Amino acid sequence: QKEVEQDPGPLSVPEGAIVSLNCTYSNSAFQYFMWYRQYSRKGPELLMYTYSSGNKEDGRFTAQVDKSSKYISLFIRDSQPSDSATYLCAAGGGGGADGLTFGKGTHLIIQP
Amino acid sequence: DAGITQSPRYKITETGRQVTLMCHQTWSHSYMFWYRQDLGHGLRLIYYSAAADITDKGEVPDGYVVSRSKTENFPLTLESATRSQTSVYFCASRGLTGQYFGPGTRLTVT
């Protein structure tokens, strides 16, 4: 079982809707969490970085981390067609290799 | 331009050949990473480096070699390329506000 699980989708929503993207993880030692957006044939683009539990907001994006349930969420308000992409969650600081462990990504489609 | 650059962006090579992928960052970040991205597996860590001359293995290091003589450069070498190494390779560096990725190198081994 992969340490970070993410529903691959696709997730299709109408423009203007609130999008909820979620991941679960199994390694209780993970300390920091990130969300990335990846367009086709591009590199991952960092959207949100959260250390430990709590919420973080940046414009239309809100990241939530609940370490008690090992649950990570990203909310996108007022979704736009340009938000259509693959969203990757990642966790780190769990000991061992000092890199990120990624979910496989959720493909999001915003319908105009 | 500031950030991370990778070269080449596309590479086709033959089985058994040695290939080096280059990575350069302008932020002076201590930590640098190499990942590969494959359908069905997502992004997986190959090697990472905590500083110049300090490197360590990640999840899938077999068949790869890294070096880091300067803080800003972190090349990845495939010593004898195999078809299973056909993938998209991403370099990243970590700062105080997160880990940042380069544009990737798309490698095909024939």
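Residues numbered from 1 in each chain as written. Chains lettered and ligands numbered in written order. Predicted model: local features only at pLDDT ≥ 70, side-chain atom pairs only at ≥ 80, totals over all residues. Heavy atoms only, no water.

Caption draft 1: The arrangement of the overall build of chain B in detail. From N to C terminus, chain B includes zero helices and 11 strands. Element order for chain B, N to C, with α for helix and β for strand: β-β-β-β-β-β-β-β-β-β-β. Rg of the C-alpha trace for chain B: 13 Å, near the compact-globule value of 13 Å for 110 residues, within the 12% margin. With the principal axes as the frame, chain B shows a C-alpha extent of 40 × 25 × 25 Å. Buried residues in chain B amount to 47% of all 110 residues. Within chain B, contacts between residues separated by at least 24 positions form 53% of all contacts whose residues are at least 6 apart in sequence. Split by element, the accessible area of chain B, about 5,400 Å² in all, is 49% carbon and sulfur. A gap of 5 Å separates the mean positions of the 11 positive and 9 negative side-chain charges of chain B. (Helix = DSSP H or I, 4+ residues; strand = E, 2+ residues; numbered from the N terminus. Rg over C-alpha atoms; globule rule 2.2 N^0.38 Å. Buried < 20%, exposed > 50% of the residue type's maximum accessible area, 1.4 Å probe, protein only. Contact = heavy atoms within 4.5 Å. Areas by Shrake-Rupley, 256 points an atom, 1.4 Å probe, with all protein chains shown as cover. Lys, Arg positive; Asp, Glu negative; His and termini not counted. Charge placed at Lys NZ, Arg CZ, Asp CG, Glu CD.)

Caption draft 2: Structural context of the sheet that holds strand 3 (residues 19–25) of chain B. All names here are of chain B. A sheet is described by the order of its strands in space; here four strands give the open sequence 1-3-8-7, paired in antiparallel fashion. The open sheet is flanked by strand 1 (4–7) and strand 7 (64–66), the only strands paired with a single partner. Across the sheet, the mean angle separating the axes of adjacent strands is 20° when strand polarity is ignored. As paired strands, strand 1 and strand 3 are joined by four bridges and run antiparallel to one another. (Pairing = 2+ DSSP bridges. Axes fitted to C-alpha atoms, helices over the stretch in contact; angles between N-to-C directions.)

Caption draft 3: Up close: the interface of chain B and chain A. Chain B puts 23 residues into the contact, and the matching count from chain A is 19 residues. Each partner contributes to the roughly 1,600 Å² buried at the junction of chain B and chain A, and carbon and sulfur atoms together form 53% of this total. Together, Leu-43, Gln-99 and Phe-101 of chain B form the three largest contributors to the area buried by chain B at its contact with chain A, with a combined 27%. Where chain B touches chain A, the interface holds zero salt bridges. Those elements giving two or more residues to the side of chain B that touches chain A turn out to be strand 4 (31–38), strand 5 (42–51), strand 9 (87–95) and strand 10 (98–101) of chain B. Across the side of chain B that touches chain A, the residue classes tally to 12 nonpolar, eight polar and three charged. (Buried area = accessible area lost by both parts, 1.4 Å probe. Salt bridge = Lys/Arg side-chain N within 4 Å of Asp/Glu carboxyl O. Nonpolar A, V, L, I, M, F, W, Y, C, P; charged D, E, K, R; others polar.)

Without other data, these values stay purely geometric and don't point to any function.
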